[in-house]
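Summary of the model geometry
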Amino acid sequence: MNAPLATLEAEHLQRAQRQAQVVAALAPLVPAHALLWHNEDVVPYECDGLTAYRQRPLLVALPETYEQVQAVLKTCHALGVPVVARGAGTGLSGGAMPNAMGVTLSMAKFNNILSVDPTSRTAVVQAGVRNLAISEAAAPYGLYYAPDPSSQIACTIGGNVAENSGGVHCLKYGLTVHNVLKVKGFTIEGEAIELGSDALDAPGYDLLSVFIGSEGMLAVTTEVTVKLVPKPQLARCIMASFDDLRKAGDAVAAVIAAGIIPAGLEMMDKPMTAAVEDFVHADYDLDAAAILLCESDGTPEEVAEEIERMSAVLTAAGATKIAVSRDEAQRLKFWSGRKNAFPASGRISPDYMCMDSTIPRKRLADILQAIAEMEIKYQLKCLNVFHAGDGNLHPLILFDANDPDQLHRCELFGADILETSVAMGGTVTGEHGVGVEKLNSMCVQFSPEESEQMLGVKRAFDPQALLNPGKVIPTLNRCAEYGKMLVRGGKISHPDLPRF
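Let us look at the structure shown here.

As a further point, take the sheet that holds strand β8 (residues 180-186). Read across the sheet, 5 strands follow the order β5-β6-β10-β8-β9 without closing on themselves; strand pairing throughout is antiparallel. At either margin of the open sheet sits one strand with a lone partner, and together these are β5 (113-117) and β9 (192-196). The mean inter-strand angle of the sheet, taken between neighbouring strand axes irrespective of direction, is 10°. Of the pairings in the sheet, the one linking strand β6 (residues 122-126) to strand β10 (residues 220-227) comprises 5 bridges and is antiparallel in character. Opposite Gln-126, over in β10, you have Glu-223 as the bridge partner. Contacts from helix α3 (residues 66-79) reach β5, β6, β8 and β10, with the element oriented near 60° to β8. Contacts from helix α4 (residues 131-138) reach β5, β6 and β10, with the element oriented near 45° to β5.

Here is the structure:
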């Protein structure tokens, strides 16, 4: 009876001793106000946007200079202390969830835009600069930063680099990896690194592309050089209504097949549009089974021609109603609904888990039908919103985290969506990252040999596995246990998925 209590007491003592050691080591390196370790001070850092999983860090460091970042990393490396870098905490996969015996390294104070060069169409910004702030700084030059996650008002460029974030305009303008020229930072050993170049290409291996999307596992980002693009003269948005989900899904494929690459091509199902309309009043068609938002930008002539072509394709695909934004105010109103899909869902449910898989565009209707069947199977509601143009799904599973059974069913529901996406030729993540949320699903998509290759890249940067440990790449033991769990539960993965 006393053994578990004694074990807990021993663990608590060990943690307290380790905390005192690390605080003493870091205290001379950063200002006193930049080091937090009391419970009430570290609670805000115990999770990111994935609130279902929480863990308080050993302590939180908020350095204010590059030298302080370097010193903290060197010290943690010497002590063998894990480090989890954190931006604004808007991530949705638990990528910034702290390590219980580690330091959370907040880059919040690195929020300066160092330069905007309208001639080269670039900006150099610190890792803690908000995504939207880059476009605001570039606006006087008629430029902006294209990747626009729904959280762009709060999310930081360092976090965008870690997750390779996209947004509603990523179909035409690309993800973070397509819009970043150079990244500076430090390894866990405190070594300064610079990946990429101010030029269009850099000598040697393309380590920049390896680094972007590595979820804080390879190094800590301090500065980013981003590409800027000219603001289009005009943008207009079509809202197309469909009375059937399959017709809406097929319409997406039809638009792309017609040789049209819209600036944005988004889809929402009826439950999602109802939630959004009640929140922001975006004038959505509440009778439609699904709506598509299709945007065109460019010169007035280009936009007029593309809107006409897209309207014809959508009508032929079965659209029951087509509305085209009259002016900029209405265009922004259409998009305000899409960009507020997540908070709108939060208004109608205590909690939600936002999934993030990708599938081939031609399978959109199939995955939506599968999700509808899963709602019945797991007895949970799911709202669907996604970057339809590139097949990046964002199903939002509604649940109450205070009910352990609902959380468990939500986890199974999410895993089922991810495995079904892989079975349909897709992937377990598009832009939100793996973090802790999709570790088991990585076992489904990648073989042990592939996982070992990914771990090899991490070891090249971080031999002791101190940066964001225990995330993104599952261990062989974890995958083996996950396989046994599926067998025990009578849930064998789809027949065309890898076996454990």
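Remark: the centre distance and the inter-plane angle together describe each pair of aromatic rings, the angle taken between the planes. Tallied over the full model, the rule gives 4 aromatic pairs. Ring geometry for Tyr-66 and Phe-110: centres 5.5 Å apart, planes at 20°, overall stacked. Taken together, the residues Tyr-66 in helix α3 and Phe-110 in the loop between β4 (103-106) and β5 connect sequence positions 44 residues apart. A residue is classified by how much of its surface remains accessible, and Tyr-66, at 24% relative accessible area, is partly exposed. The buried category is assigned to Phe-110, whose relative accessible area is 1%. Taken together, a centroid distance of 5.3 Å and an interplanar angle of 20° make the contact between Tyr-378 and Phe-413 stacked.

Once that is clear, we can look at the pattern of salt bridges. Throughout the structure, instances matching the rule amount to 23 salt bridges. A salt bridge links Lys-247 to Asp-243; its shortest N-O distance comes to 3.3 Å. On the accessibility criterion, Asp-243 (47% relative accessible area) is partly exposed. As a salt-bridge pair, Asp-366 and Arg-246 come within 2.9 Å of each other at their nearest N and O atoms.

Another point: helix α14 (residues 404-423). In this model, α14 (20 residues) spans 29 Å end to end at C-alpha, consistent with the 28 Å of a helix rising 1.5 Å per residue. When you tally the buried positions in α14, you get 14 out of 20 residues, the bulk of the element. N-cap assignment for α14: the residue whose side-chain oxygen lies 3.0 Å from the backbone N of Asp-405 is Asp-403. Of the residues one or two after α14, Gly-425 is the one with positive phi, at around 95°.

Let us now look at the environment of Val-22. Here Val-22 shows up in helix α1 (residues 2-26). By relative accessible area, Val-22 is classed as buried at 1%. When the C-alpha positions of Val-22 and Met-101 are compared, they lie 10.0 Å apart, and in sequence the two are 79 residues distant. Ignoring any residue separated from it by four or fewer positions in sequence, one finds Val-22 in contact with Leu-58, Leu-59, Leu-79, Val-81 and Val-103.

A few words now on helix α11 (residues 328-339). An α-helical turn contains 3.6 residues, so a residue and the one three or four places further along point in the same direction. Under the 1.5 Å per step criterion, the end-to-end length of α11 is 16 Å for 12 residues, consistent within 8% with the ideal 16 Å. Sitting at the head of α11, Asp-327 places a side-chain oxygen 3.3 Å from the backbone nitrogen of Ala-329.

Right, let's get into a nonpolar patch on the surface. A cluster of nonpolar side chains, namely Tyr-205, Leu-207, Val-210 and Val-457, defines an oily patch on the protein surface of about 410 Å² accessible area. Within the element layout of this structure, Leu-207 appears in helix α7 (residues 207-211).

Right, let's talk about the state of the cysteines for a bit. A complete count under the given rule lists 1 disulfide for this structure. In this model, Cys-443 is linked to Cys-479 through a disulfide, with the two sulfur atoms separated by 2.1 Å. When the S-S torsion is -85°, as for the bridge of Cys-443 with Cys-479, the disulfide is left-handed. Highlighted residues: Cys-443 in helix α15 (residues 439-445) and Cys-479 in helix α17 (residues 476-488), separated in sequence by 36 residues. The class of Cys-443 is buried, set by a relative accessible area of 4%. We note that Cys-237 lacks a disulfide partner, and the nearest cysteine sulfur, in Cys-294, lies 7.0 Å from it. A residue is classified by how much of its surface remains accessible, and Cys-237, at 0% relative accessible area, is buried.

Moving on to unusual backbone geometry. With phi around 55°, Arg-121 is a residue other than glycine that occupies positive phi space. Its location among the elements puts Arg-121 in the loop between β5 and β6. Residue Arg-121 is classed as partly exposed on the basis of its relative accessible area of 42%. A positive phi is found at Asp-283, a non-glycine position, where the angle reads about 65°. With respect to the helices, strands and loops of the structure, Asp-283 is situated in the loop between α9 (270-280) and β14 (290-298). The class of Asp-283 is partly exposed, set by a relative accessible area of 41%.

The rules we used
- Each chain has its residues counted from 1, following the order in which its sequence is written.
- With the structure being a predicted model, the display of local features is reserved for residues of pLDDT at least 70 and the display and counting of side-chain atom pairs for 80 or more, all residues being used for whole-chain, interface and lining totals.
- Heavy atoms from the whole structure form the basis of all side-chain values; hydrogens and water molecules are not counted.
- By definition, two strands form a pair when at least two bridges between them are found by DSSP.
- Helix and strand assignments come from DSSP, with helices taken as H or I runs of at least 4 residues and strands as E runs of at least 2, each series counted from the N terminus.
- Here an angle of 0 to 180 degrees is reported between the N-to-C directions of two axes, which are lines fitted to C-alpha atoms, with helices fitted over the stretch in contact.
- In this analysis, two residues are considered to be in contact whenever any of their non-hydrogen atoms come within 4.5 Å of each other.
- Two rings from Phe, Tyr or Trp (for Trp, the six-membered ring) form a pair when their centres are within 6.5 Å of each other. A pair whose planes differ by under 30 degrees is stacked, one over 60 is edge-to-face, and the rest are tilted.
- Each residue is placed in one exposure class: buried if its accessible area under a 1.4 Å probe, protein chains only, is under 20% of its type's maximum, exposed if it is over 50%, and partly exposed if it falls in between.
- Here, a salt bridge means any Lys or Arg side-chain nitrogen found within 4 Å of an Asp or Glu carboxyl oxygen.
- To estimate the expected span of a helix, count its residues, drop one, and scale the result by 1.5 Å.
- Any pair of nitrogen or oxygen atoms within 3.5 Å is treated as a polar contact; in protein, a donor-acceptor pairing is required on top of that, and neighbouring residues in sequence qualify only through side-chain atoms on both sides.
- Like charges within 9 Å and nonpolar side chains (Val, Leu, Ile, Met, Phe, Trp, Tyr) within 5 Å are joined into patches, using only residues over 30% in relative accessible area that form no salt bridge.
- Areas reported as accessible are Shrake-Rupley estimates using a 1.4 Å probe. Residue values count occlusion only from the protein chains shown.
- The criterion for a disulfide is a pair of cysteine sulfur atoms lying within 2.5 Å.

Taken by themselves, the reported measurements are silent on function.
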